[in-house]
Amino acid sequence: MQFDKQTLLDAIHVPYTDLYWSEMEERGDGPPPGAELCSITEHGPEKELLPIAEGYLKTIGEYWGVSVFEVFKRAGWLDDGTDVSLRLYRLFMNCLGHGIGLWDEPADEETLQRLGKELGVDLIDTPYICDGRLWDVVLGQLEQPA
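About the cut-offs
Per chain, residues are indexed from 1 in the order of the written sequence. Whole-chain, interface and lining totals are the exception, using all residues; otherwise, since this is a predicted model, local features are given only for residues with pLDDT of at least 70 and side-chain atom pairs are given and counted only at 80 or more. As a rule here, side-chain values cover all heavy atoms of the structure and leave hydrogens and water aside. The helix and strand labels rest on DSSP assignments: H or I over at least four residues marks a helix, E over at least two residues marks a strand, and numbering proceeds from the N terminus. Atoms counted for the radius of gyration: C-alpha only. Globule rule: 2.2 Å times residue count to the power 0.38. Burial classes follow relative accessibility: with a 1.4 Å probe on protein chains only, a residue under 20% of its type's maximum area counts as buried, one over 50% as exposed, and anything between as partly exposed. Note on definitions: a residue-residue contact is assigned when non-hydrogen atoms from the two residues lie within 4.5 Å. Salt bridges are identified by distance alone: a Lys or Arg side-chain nitrogen within 4 Å of an Asp or Glu carboxyl oxygen. Multiplying one less than the number of residues by 1.5 Å gives the expected span of a helix. Under the pairing criterion, centres of Phe, Tyr and Trp rings, with the six-membered ring standing for Trp, must be within 6.5 Å; the plane angle then separates stacked pairs below 30 degrees from edge-to-face pairs above 60, leaving the rest tilted.

Engineer: Please give an account of the overall build of the protein chain that cites residues and values.
Structural biologist: Along the backbone of the protein chain there are seven helices and zero strands. Rg of the C-alpha trace for the protein chain: 16 Å, near the compact-globule value of 15 Å for 146 residues, within the 12% margin. The C-alpha extent of the protein chain, read off along each of the three principal axes, is 50 × 30 × 25 Å. Counting across all 146 residues of the protein chain, residues that qualify as buried make up 43%. Residue pairs at least 24 apart in sequence account for 70% of intrachain contacts in the protein chain once pairs closer than 6 positions are excluded.

The structure is reproduced here in structure tokens:
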């Protein structure tokens, strides 16, 4: 099993949006004051973003020695009523160096620590991903004719 496509696209939309508005501000065109950035930012191209999200999952799974989906399944996070993409976005943002992570919710941190002990791995620790692909997508979108 794996995460569904829409969940991955919703999760990758947050770091995409972060980079998009960072670049827009560099260009002198920041967001409207008080705007909820994810809701005012169009989703990037699915065919480019989906492989990036899948690549992040693969890298994290290899680093942990267990797939992210398996961790979410064992944690009960696939059906606990919480938006799965919310947890994935926090995981992605952590790997991108933003200081947001699954441990931001104390109950999630406790679950990760318990599972980590069961599996013999540190699930709080994540790999740092700095491959530039997400930036390339953002820049490509900004270079599109209006």
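And the narrative resumes.
Engineer: Talk me through the pattern of salt bridges; I want residue IDs and the actual numbers.
Structural biologist: One pass over the full model with this rule turns up 12 salt bridges. Between Lys5 and Glu46 there is a salt bridge, with its nearest N and O atoms 2.9 Å apart. Residue Lys5 is found in helix α1 (residues 5–26), and its partner Glu46 is found in helix α3 (residues 46–64); the two are separated by 41 residues along the sequence. Of the charged contacts, one joins Arg133 and Asp131 as a salt bridge, the two residues approaching to 2.7 Å between their closest N and O atoms.

Engineer: Pulling in residues and values, what's your account of the environment of Leu9?
Structural biologist: Tracing the backbone through its elements, the reader meets Leu9 in helix α1. Distance from Leu9 to His43, taken between C-alpha atoms, is 8.2 Å for residues 34 residues apart in sequence. If near-sequence neighbours (up to four positions away) are discounted, Leu9 is found in contact with His43, Glu46, Leu49 and Leu50.

Engineer: Give me the lowdown on α3, citing residues and values where you can.
Structural biologist: The end-to-end C-alpha distance of α3, which contains 19 residues, comes to 27 Å, matching closely the 27 Å that a straight helix rising 1.5 Å per residue would cover. Looking at the buried side of α3, the elements it contacts are α1, α4 (68–75), α5 (84–95) and α7 (133–142). Just past α3, the residue Gly65 takes up positive phi, approximately 85°.

Engineer: Before we move on, could you go through the packing of aromatic side chains and cite the residues and values that matter?
Structural biologist: Counted by the stated rule, this structure contains six aromatic pairs. Consider the rings of Phe3 and Phe72, whose centres lie 5.3 Å apart with planes at 85°: the pair is edge-to-face. Residue Phe3 is located in the segment before α1, and its partner Phe72 is located in helix α4; the two are separated by 69 residues in the primary sequence. For the pair shown, Phe3 and Phe72 are each scored as buried. An aromatic cluster is present here, built from Phe3, Phe69, Phe72 and Trp77 joined pairwise through their rings.

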